[in-house]
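Structure at a glance
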Amino acid sequence: QVQLVESGGGLVQAGGSLRLSCAASGSIFSINAMAWHRQAPGKQRELVAEITSGGSTSYADSVKGRFTISSDNAKNTVYLQMNSLKPEDTAVYYCAVDLKLQVYRPVSRWWGMGTQVTVSS
């Protein structure tokens with residue numbers, strides 16, 4: 001029904017930058033919000049940044065001032081620009097989209113498969 005395709009992960013040195021992308025496709029009626037979460041080894045998954053369909057954004061304190069979330073509503077795509085990366089940013093990053101499949105259906109959350117980000121010191 002819905003596919004989320006993530007790209008842009010990789011290996012980067014501390015202080016470097018990466019840009020993640022996540023494109024949603026399928027039988028989508030509307031999107032309420034798009035977000036990036038991450039999960040480091042041995043830790044719980046945490047919200048990194050979120051953007052609503054109206055453009056409001058929120059960030060985890062640990063990434064404020066370094067990461068920027070943006071979206072292209074026409075393409076159902078969300079981006080995460082990550083600057084000044086630190087080793088503690090190393091994690092699998094997951095895209096999450098809150099959407100409606102039909103006008104009378106409730107909002108549901110869909111997850112991407114994840115993309116690995118590794119920051120070396």
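**Considerations on the nonpolar core**
Inside soluble globular proteins, nonpolar side chains tend to come together where they are buried. Formed by 31 residues in total, the largest nonpolar core has its most connected members in Trp36, Val48, Phe67, Val78, Leu80, Met82 and Tyr93. For this core, the elements supplying multiple residues, two or more each, are β1 (2-7), β3 (18-26), β4 (30-39), β5 (46-52), β7 (67-72), β8 (77-82), β9 (91-100) and β11 (115-120). The element contributing the most residues to this core is β9, with five residues.

**Overview of the state of the cysteines**
A full pass over the atoms with the stated rule returns one disulfide. Covalent S-S linkage joins cysteine 22 and cysteine 95, the inter-sulfur distance amounting to 2.1 Å. On the S-S bond that ties cysteine 22 to cysteine 95, the torsion sits near -75 degrees, and the link is left-handed. Highlighted residues: cysteine 22 in strand β3 and cysteine 95 in strand β9, separated in sequence by 73 residues. Pair check on accessibility: cysteine 22 and cysteine 95 agree, each one buried.

**Looking at the side chain of arginine 38**
Its place among the elements puts arginine 38 in strand β4. Among the polar contacts made by the side chain of arginine 38, one reaches the side chain of tyrosine 93 at a distance of 2.9 Å. Look past the residues within four positions of arginine 38 in its chain and what remains in contact with it is Gln44, Arg45, Glu46, Val48, Ser62, Val63, Phe67, Glu88, Asp89, Ala91, Val92 and Tyr93.

**Looking at the pattern of salt bridges**
Applying the stated criterion to the full structure yields five salt bridges. Between arginine 38 and glutamate 46 there is a salt bridge whose closest N-O contact spans 2.7 Å. Assessed through its relative accessible area of 34%, glutamate 46 is described here as partly exposed. With its nearest N and O atoms 2.7 Å apart, the salt bridge here joins arginine 109 to aspartate 98. On the criterion of sequence distance, the pair formed by arginine 109 in strand β10 (residues 108-111) and aspartate 98 in strand β9 is long-range, its members being eleven residues apart. A residue is classified by how much of its surface remains accessible, and aspartate 98, at 14% relative accessible area, is buried. One connected set of salt bridges, linked through shared partners, spans Arg38, Glu46, Arg66 and Asp89.

Basis of the calculations
Residues numbered from 1 in each chain as written. Predicted model: local features only at pLDDT ≥ 70, side-chain atom pairs only at ≥ 80, totals over all residues. Heavy atoms only, no water. Core = buried A, V, L, I, M, F, W, Y, C linked by side-chain atoms within 4.5 Å. Buried < 20%, exposed > 50% of the residue type's maximum accessible area, 1.4 Å probe, protein only. Helix = DSSP H or I, 4+ residues; strand = E, 2+ residues; numbered from the N terminus. Disulfide = S-S within 2.5 Å. Polar contact = N/O pair within 3.5 Å; in protein donor to acceptor, adjacent residues only side chain to side chain. Contact = heavy atoms within 4.5 Å. Salt bridge = Lys/Arg side-chain N within 4 Å of Asp/Glu carboxyl O.

Function-wise, these values are silent; they only describe arrangement.
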